[in-house]
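# Results of the structural survey
In case you want the letters, here they are:
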Amino acid sequence: MMNLGPNEIERRKRKNIILVPIVLGLFGILILLMVFFPNEKNVLRDKANYSLADNRLIDSIITPQYSILKKELGDVVGGIRLHLDILVFGNISEEGLKKLLTEIERDIMTQYYTQSNGHNIYYSIIAYISKEHFDGGSAIASLIYNIERDIWVNYEQLNYLNSRDEIKYGISEETRLKIYWDNIKAQRQAFEEKGENVSEYDRQVIKYKQDICNKYGITEDQLMEISIEAMLEDWPLPPILGI
């Protein structure tokens, strides 16, 4: 065994003092690389798992059924424009509406890409829950692509749809809508008949309201409550009024 002199021992001590921090530093860097830059196979595996979970979540969303109310297709500068008005029914939810609109959007891109000759496809998809809402211009959701893509849901109408009481005062919602429309028409008729006589308008409104109450077997208070319900729940206006 070789005997080391005092100078050699001191030199090796100083060398070890220098090497130990370097080794520890390299070990720490290796750990950080493993944490922040994981194995590519693991990253791809995790992405695949997340994607599979997302797809399963999307697949679990129930989409409402729909039919086309109106379709307009035309050429515009730089591409084509498609407008669809659709009637949605069945199981209606925020997630279901968004999924449905996105599926229709995908079908549009697939169907009209060739026709657009590679140019832009602009489109708007407007969803309604009834023909009356369509006539009155009161949509529940829409997806529009012009320059930017915008998807919108009418949360007030959706919340009402999911929590509404179909029967009130022994009257279905369909009949309450007719009562509301009759009341609007009566006020318009009274206004047209009054001429310059303001007091005549008030008398005619009272008369027509009483006629409506007698027709449907309701009280004036119930007629007022139906009118308030219509305004709060965004019921469509009578289409023949053009308002």
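Our structure is the block above this text.
Residues numbered from 1 in each chain as written. Predicted model: local features only at pLDDT ≥ 70, side-chain atom pairs only at ≥ 80, totals over all residues. Heavy atoms only, no water.

## What to know about a nonpolar patch on the surface
As a reminder of what qualifies: The patches reported here contain residues having more than 30% relative accessible area and no salt bridge. Joining distances are 9 Å for like charges and 5 Å for nonpolar side chains (Val, Leu, Ile, Met, Phe, Trp, Tyr). A 1.4 Å probe and the Shrake-Rupley method give the accessible areas. Residues count as covered only by the protein chains that appear here. Note on definitions: salt bridges are taken to be side-chain nitrogens of Lys or Arg within 4 Å of carboxyl oxygens of Asp or Glu. Under the scheme applied here, a residue whose accessible area is under 20% of the maximum for its type counts as buried, over 50% as exposed, and between as partly exposed, the area being computed with a 1.4 Å probe on protein chains only.
A cluster of nonpolar side chains, Met224, Ile228, Met231 and Leu232, forms an exposed patch at the surface whose accessible area comes to about 430 Å². On the accessibility criterion, Met224 (45% relative accessible area) is partly exposed.

## Things to note about the packing of aromatic side chains
As a reminder, the rule being used: Stacked, edge-to-face and tilted are the three classes for Phe, Tyr and Trp ring pairs, Trp counted by its six-membered ring, which pair at centre distances within 6.5 Å; planes under 30 degrees apart are stacked, over 60 edge-to-face, the rest tilted. Strands are runs of DSSP state E lasting at least 2 residues, helices are runs of H or I lasting at least 4, and numbering of each runs from the N terminus.
One pass over the full model with this rule turns up five aromatic pairs. A centroid spacing of 6.2 Å and a plane angle of 15 degrees characterise the contact between Tyr122 and Tyr145, whose relative ring orientation is stacked. Within this pair, whereas Tyr122 is found in strand β3 (residues 120-128), its partner Tyr145 is found in strand β4 (residues 141-145), the two being separated by 23 residues in sequence. Note on Tyr145: relative accessible area 25%, which makes it partly exposed. Centre to centre, the rings of Tyr128 and Phe134 are 5.3 Å apart; their planes meet at 75 degrees, and the pair counts as edge-to-face. Counting every residue linked through ring pairs, the aromatic cluster contains Tyr122, Tyr123 and Tyr145.

## Describing helix α8 (residues 220-232)
The line we're drawing: Helix span, as expected, comes to 1.5 Å for every residue beyond the first. The arc in question is the one traced by the directions running from the helix axis out to the C-beta atoms.
Under the 1.5 Å per step criterion, the end-to-end length of α8 is 18 Å for 13 residues, consistent within 8% with the ideal 18 Å. Restricting attention to buried positions, one finds in α8 the residues Leu223, Ile226, Ser227, Glu229 and Ala230. Across the axial projection of α8, the buried residues extend over an arc of 160 degrees, all falling on one side. Those residues of α8 that are exposed and angled more than 90 degrees off the buried face are Asp221, Met231 and Leu232. Trailing α8 by a residue or two, Asp234 shows a phi angle of about 60 degrees, which is positive.

## Description of the pattern of salt bridges
Note on pairing: side chains with opposite charge can pair once their charged atoms come close. Across all of its chains, the model carries eight salt bridges by this definition. Taking the shortest distance from any N to any O, the salt bridge between Lys215 and Asp182 comes out at 3.3 Å. Here Lys215, found in helix α7 (residues 198-216), pairs with Asp182, found in helix α6 (residues 173-194); they are 33 residues apart in sequence, far enough to count as distant. Using a relative accessible area of 59% as the deciding quantity, one classes Lys215 as exposed. Residue Asp211 pairs with Lys207 through a salt bridge whose shortest N-O separation is 3.2 Å. Of the two residues, Asp211 and Lys207 both sit in helix α7, four residues apart, roughly one turn of that helix.

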